[in-house]
Amino acid sequence: MRTNLAKAQLSSATLTEAVATDADFTAANLDVAVAYRVDLRRAVLRDASIFAVILYDADLSDADLSGARLIGPMNNAKARRAKLHQANLGVDPGNQGMGIMRVDASSVDFSGRRLDWREPAQGAAGPRDLTGADLTDADVTGADLTGAILKGIRGRDRLRGLDKALHVDQAIFND
């Protein structure tokens, strides 16, 4: 808790069940780490590289992931009110020889937070619960919105790429 891990090289580390609330991971390298059930509430992960990290059941509520490169599976994670300003959640074209690498946020709770992707979310599995999220100027081009809950979202009139998102008809809006 509250540990300064700014610029730390934690590539391939095992962080399963670690309690890192309020920790500072600014510009840290967490690539290929295993982090089942990690507690990263209020952690600062600005400009961190979080590539191919397993974040199943992780709690990133109120975490600051601004500018982070977040590509990997996040099944059942919580990211309520997390800051993702200019975070890179899209496909990583430089690694496609390894297989499709993208953030899989298929069951992540992003409720009450603003999404602002640096690049279009092409190939990114759409977050399932975006209740109350501010999507002003977010770009969901190519995102799979199958089953996404988009009730009470703000900024729908400025949401970019919705016409190019996949399975928009299967998303749940409150209108």
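Residues numbered from 1 in each chain as written. Predicted model: local features only at pLDDT ≥ 70, side-chain atom pairs only at ≥ 80, totals over all residues. Heavy atoms only, no water.

Student: What exactly am I supposed to notice about the side chain of Ser61 here?
Tutor: Take Ser61: it is sitting in the loop between strand S1 (49-51) and strand S2 (69-71). Of note is the side chain of Ser61, whose polar atom sits 2.7 Å from the side chain of Asp59. Discounting chain neighbours no more than four positions away, the residues touching Ser61 are Leu40, Arg41, Arg42, Lys78, Ala79 and Arg80. (Helix = DSSP H or I, 4+ residues; strand = E, 2+ residues; numbered from the N terminus. Polar contact = N/O pair within 3.5 Å; in protein donor to acceptor, adjacent residues only side chain to side chain. Contact = heavy atoms within 4.5 Å.)

Student: Got a minute to help me understand the confidence of the model for the protein in this structure?
Tutor: The predicted coordinates should not be examined in detail at positions where pLDDT is low. Within the protein, residue pLDDT values average 83, and 81% of them lie at 70 or more. Considering each helix and strand of the protein separately, the mean pLDDT is smallest for strand S4 (residues 115-117), with a value of 59, and largest for S1, with 93. (pLDDT = per-residue confidence, 0-100.)

Student: What exactly am I supposed to notice about the environment of Lys83 here?
Tutor: Locating Lys83 in the fold gives a position in the loop between S2 and strand S3 (84-87). Overall, Lys83 belongs to the partly exposed group, its relative accessible area being 49%. Sequence separation between Lys83 and Phe110 is 27 residues; the distance between their C-alpha atoms is 9.9 Å. (Buried < 20%, exposed > 50% of the residue type's maximum accessible area, 1.4 Å probe, protein only.)

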